[in-house]
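A look at the structure
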Amino acid sequence: MPSDLFDDNGFQDVRNFEPRGSNLSAADDRTLRMASLVVDRALLDALISYQRAFLADAEQGTGALDVARAHTRALEASQLEALTAERGIALLRSFGGRRWTVRKLQDKLRQLEGASDARAEELRPRIREELASQERETDALGRRYGDATVALLREHEDVLVDLHTRMTGLLSRG
C-alpha cells in the first residue's frame, strides 16, 4: 500500500468535518474538493464568455437543436473543453442559484420593512432565518470549491446572478 494513500495532497484548507446528528452535508467535502475544478480569474472569464455566447445564440432559437448549436458555438467562443465548461457551469449554477435566492429574500424583506401587520411580523424573522441559511450555504461552497473560488465568484456576483437568471429562464421555457 502506498505511503501517501491517506495524505491530504494539498487540501489542508478543507476542514475535515465529522458529521454529527442527521446533518451529513459536510461529510464528503474534502473528497469533493479534491475532485472539483480549480477556478481562477482566467477560467471564470472563459465561463462567463461561454454563458454569454450560449445565451446570445440560444435565446434566439426555438428548439433543442438550436440549444445544441448554441452550446457548440459557445465552446468555440470561450475556447473551453466541454467537460471543463460543464463542470464550471455546474459551479456557477450552484452559486448563482443561492445568490438569486438571497436577492429575492432581501427584496421581500425590504417590501415588509414598513409593514406592521401580523403577517409581516410573522414573515420577517422567517425570511431573516432563511437569508442566514442561504449565506451559510454559500459559504459552504468554499469547502467544496475553495474559499478563494467563492471569493472570486462573490466579486462577480452581479454578472453571475444575471447570467444565472437568463440561463434558468431559457432552459425552463421548455
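In this text, all values refer to a predicted model and were calculated from it rather than measured experimentally. (Residues numbered from 1 in each chain as written. Predicted model: local features only at pLDDT ≥ 70, side-chain atom pairs only at ≥ 80, totals over all residues. Heavy atoms only, no water.)

**So, the pattern of salt bridges**
We apply this condition: Note on definitions: salt bridges are taken to be side-chain nitrogens of Lys or Arg within 4 Å of carboxyl oxygens of Asp or Glu. A run of H or I in DSSP becomes a helix once it reaches four residues, and a run of E becomes a strand once it reaches two; helices and strands are each numbered from the N terminus. To sort residues, take the accessible area from a 1.4 Å probe on protein chains only and compare it with the maximum for the residue type: under 20% means buried, over 50% means exposed, and anything in between is partly exposed.
Within the structure shown, the criterion is met by 16 salt bridges. The closest approach of N and O atoms between Arg103 and Glu157, which form a salt bridge, is 3.4 Å. In this pair, Arg103 is assigned in helix H4 (residues 82–112) and Glu157 in helix H7 (residues 157–171), connecting sequence segments 54 residues apart. You can call Glu157 buried: its relative accessible area is 12%. A salt bridge links Arg128 to Glu113, with the nearest nitrogen and oxygen atoms 3.8 Å apart. Of the two residues, Arg128 is situated in helix H5 (residues 118–145) and Glu113 in the loop between H4 and H5; the sequence distance between them amounts to 15 residues. The class for Arg128 is partly exposed, based on a relative accessible area of 42%. What you see here is one network of salt bridges that share partners, running through Arg99, Arg103, Glu135, Asp139, Arg154, Glu157 and Asp158.

**Re the nonpolar core**
Most often, soluble globular proteins have nonpolar side chains that are buried together. Test applied: Each nonpolar core is a collection of buried residues, namely Ala, Val, Leu, Ile, Met, Phe, Trp, Tyr and Cys, held together in the definition by side-chain atoms within 4.5 Å. Pairs of residues are marked as contacts when any of their non-hydrogen atoms sit within 4.5 Å.
In this structure, Leu44, Tyr50, Phe54 and Leu80 are the most contacted members of the largest nonpolar core, which totals 30 residues. For this core, the element with the highest residue contribution is helix H2 (residues 41–58), accounting for 10 residues. Excluding residues that lie within four positions of it along the chain, Phe54 makes contacts with Glu59, Val67, Ala70, His71, Ala74, Met167, Leu170 and Leu171. Judged by nonpolar contacts, the second largest core, of eight residues, contains Val102, Leu109, Leu123 and Leu131.

**A look at the side chain of Gln51**
Its place among the elements puts Gln51 in helix H2. Exposure remark for Gln51: the relative accessible area of 4% places this residue in the buried category. Other than its neighbours up to four places away in sequence, Gln51 contacts Ile89, Leu92, Leu163 and Met167.

**Section: the confidence of the model for the protein chain**
For clarity, the threshold we go by: pLDDT is defined as a per-residue confidence score from the predictor, taking values between 0 and 100.
When pLDDT is averaged along the protein chain, the result is 84, and 79% of the positions lie at 70 or above. When pLDDT is averaged over each element of the protein chain, H2 comes out on top at 96 and helix H1 (residues 29–35) at the bottom at 63. Note on residues 1–7: pLDDT under 50 across the span, and one contact to partners over four residues away in sequence or across chains.

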